[in-house]
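Okay, here's what each chain looks like letter by letter:
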Amino acid sequence: MDDVYRNSLRKCSGRLFVFFANRNSSLKCSVVRRRGADGRIPVCTLDRGASSSAAAAEPTGYPGGPYDTSLLVKYEHHVARHIWFGEERGPKKELKVAGHGLKLTSRVPLALPPQMESWVSRSGLVSLQRTSLNKIDTNLVSAFLERWHLETSSFHMPFGEMSITLDDVACLLHLPIRGIFWSPQDVTEELTVELAVDYLGVSQGQAQSHVRSCRGSYYKLEWLYDIFVHHRAASSWAYATRAYLLMLVGSTIFADKTFTLVEARYLLLFRDLDGCSEYSWGAAALVTLYRYLRDASMYSCKQLGGYPTLLQCWIHEYFPTVGKRWENWNPAGNCGLPRAMRWSYRQGVLKVDGLRPILDELTPTDVIWRPFEDHRAWRVFDEICLYRGCLKWGETVVPYLPDRCLRQFGYRQYVPSPPLDCMMATDIDVDWISYHQSVVDVIGSSTVATTPSEVEDSYLEWYYRVSHPRLVPPHRDAPRDVPVPVYDARPSDPDWARVSTLIRRYLRQVNAEEEDPQFSDLFEALHISRSH
């Protein structure tokens, strides 16, 4: 897309945004903030709803938000702050994403020997053999990642926060979410060699040579696959199973940025093949992904680690009008397979900068707020998903805050409590085990939603003060007056959302304006679709 066309799209999307804020029946009002000459928002322009204490603590904000920076304290280093002023991470706007789907297709056998199959099935990791997408839509993943904030462990969308929850992991990957957390253990290169000898059945010399080639406490995924093949042929089932499981998690939930290595310390998880089922593998996958999302949301980062299949399939489930996808089967007729297997890769036509204004224009009606209700026969909702606290895996600790995305659980969204400081958490394992009180605290302040996207009256006013509802300004070269829409709660209908998106897309492509008489009927149709 050339610069002229791109600029025309930006101008048109800006006009549509202002138009919706003034005329759309699903909007109540718009709030405008004006920046000063230095690019920051003076405190005098803050909302009337902003408390005097908050104003005193944070006298300035950022154009487009946040105006009160007491929540997103790392926003200065966030990629969104730079994108607002047209500053990209580098020549490539999309991140480099590590995906192993094609490799796993060739390495995972159609059937394991019965002796191995028993251990793999009991481990809780069996579903990881088939859930990986063969390719990742790096533009789609990157566009959503630009809205992730480490302070809240959530995506900041135009209408509020959303997140990948434990329930999402359970339904998409069929990983167990109950279980214990794994505590870290330092693994030196010497211990890495010993572990390979004791639990992978290789010789001392072979292990030393391999660890030396890895230049650290790692094993190569390809090496582990070769060990698996060798021991399977030799009927050394325990060695073969450990190599296989380590290769499997290293290619999925524990994938790192190297594309080729897995940390040797994870072999400790499989010392006792009968006991590895005790771990909360769902929490492990979520903690690892949160950690990499945290890093990749910073402007200086150019690569994403973790399991991108989990993120992309989450997008496909919740946002039916965004991105390209291919369905392998209809959810209503599936046989209890992990929901990630529903999706196949389909190359998108939009790049990151084309997706940003589309995400900026999303409304609550564009979201399927509870996509897994037709999957409950195979994955019953577990109330532990409403646990509010810290999750940990190894030395990584992240806040897990379901009170910030209550609409995904069928509850009315309220103004959430301040995020947890996980650096001060000392009894995470105890809190996790005694989660019941936390669940009561989370849902006790809310009620069951009467409409899928229902929020309390004060929520959006608060949200637009502490967040940034748009990623790019409506007019790149104009004074940065940013209208912020406040949405009424409306029923969530995917069909109407699709109609609305198609109309918006066409109007944007032809640079339509509301004053153009030839497009008046389309604008009227857009209003009708948005009101549903």
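As a starting point, this report considers the structure included with it.

Cut-off values and rules
- In this convention, every chain numbers its residues from 1, walking through the sequence in written order.
- In keeping with the predicted nature of the model, local features appear solely for residues at pLDDT of at least 70, side-chain atom pairs appear and are counted solely at 80 or more, and the whole-chain, interface and lining totals rest on all residues.
- No hydrogens and no water enter the side-chain calculation; it runs on all heavy atoms of the structure.
- Each helix corresponds to a stretch of at least 4 residues labelled H or I by DSSP, and each strand to a stretch of at least 2 residues labelled E; elements are numbered beginning at the N terminus.
- It only takes one pair of heavy atoms within 4.5 Å for two residues to be counted as in contact.
- In these tables, accessible area is a Shrake-Rupley quantity obtained with a 1.4 Å probe, and a residue counts as shielded only by the protein chains included in the view.
- With a 1 Å grid laid over protein atoms only, a set of points is called a cavity when a 1.4 Å probe fits there but cannot get out and a pocket when it is open yet has protein on both sides within 12 Å along at least five of seven lines; lining residues have an atom within 4 Å of a point.
- Grid points are joined across faces, edges and corners, and a volume is the space filled by probe spheres set on the points.
- By the convention adopted, Pro, Cys, Tyr, Trp, Phe, Met, Ile, Leu, Val and Ala count as nonpolar, Lys, Arg, Asp and Glu as charged, and the other residues, Gly among them, as polar.
- Strand pairing follows a simple DSSP-based rule, namely that at least 2 bridges must link the two strands.
- Only protein chains enter the accessibility calculation, which uses a 1.4 Å probe. A residue is then buried if its area is under 20% of the maximum for its type, exposed if over 50%, and partly exposed in between.
- In these notes, a set of buried Ala, Val, Leu, Ile, Met, Phe, Trp, Tyr and Cys residues joined through side-chain atoms within 4.5 Å is what counts as a nonpolar core.

Helix and strand content of the protein: 19 helices and 15 strands. Taking contacts inside the protein between residues at least 6 apart in sequence as the whole, the part at least 24 apart equals 77%. Carbon and sulfur atoms form 51% of the exposed surface of the protein, whose accessible area is close to 21,500 Å².

Right, let's talk about the layout of surface pockets for a bit. Taken as a whole, the second largest pocket holds about 500 Å³ of empty space. Lining the second largest pocket are 21 residues, and of these Leu150, Val397, Pro399, Cys422 and Met423 sit closest to its centre. Looking at the lining of the second largest pocket, the elements that each hand over two or more residues are α12 (281-296) and β14 (396-400). The leading source of residues in the lining of the second largest pocket is β14, at four residues. Taken together, the residues of the lining of the second largest pocket sort by class into 13 nonpolar, two polar and six charged.

Attention now goes to unusual backbone geometry. Pro66 follows Gly65 through a cis peptide bond whose omega is -5 degrees. Within the secondary structure, Pro66 is located in the loop between β3 (60-61) and α3 (79-84). Phi is positive for Ser153, which is not a glycine, with a value near 50 degrees. By the element assignment, Ser153 lies in the loop between β5 (148-149) and β6 (154-157). A positive phi is found at Phe259, a non-glycine position, where the angle reads about 75 degrees. By secondary structure assignment, the location of Phe259 is in the loop between α11 (237-250) and β9 (261-263).

Let us look at the sheet that holds β6. The three strands lie next to each other as β5-β6-β7, forming an open sheet whose pairing is antiparallel. With one partner strand each, in any of the chains shown, β5 and β7 (160-162) form the two edges of the open sheet. Where β5 meets β6, two bridges bridge the pair, whose relative direction is antiparallel. Residue pairing for β6: His149 is matched across the bridge by Ser154.

On a regular strand, one side chain projects to one face of the sheet and the next to the other, so that they alternate. Across the two faces of β6 the burial is the same, with Ser154 and His156 and Phe155 and Met157 all buried. Counting the residues in the hairpin turn of β5 and β6 gives four residues, including Ser153, whose phi is positive at 50 degrees. In this sheet, β7 lies alongside β6 in antiparallel orientation, the contact comprising three bridges. Counterpart to Met157 in the pairing with β7 is Gly160. Count of turn residues in the β6/β7 antiparallel hairpin: two residues.

Counting residues in each nonpolar core, the largest one holds 117 residues, and the members touching the most others are Tyr219, Trp281, Trp314 and Phe319. When residues in this core are grouped by element, the largest group, 11 residues, is from α12. The contact partners of Trp314, leaving out residues within four places of it in the chain, are Phe144, Phe155, Met162, Ser163, Ile164, Asp168, Leu172, Phe319 and Gln408. Counting residues in each nonpolar core, the second largest holds 16 residues, with Val455, Tyr459, Leu460 and Val466 among its members.

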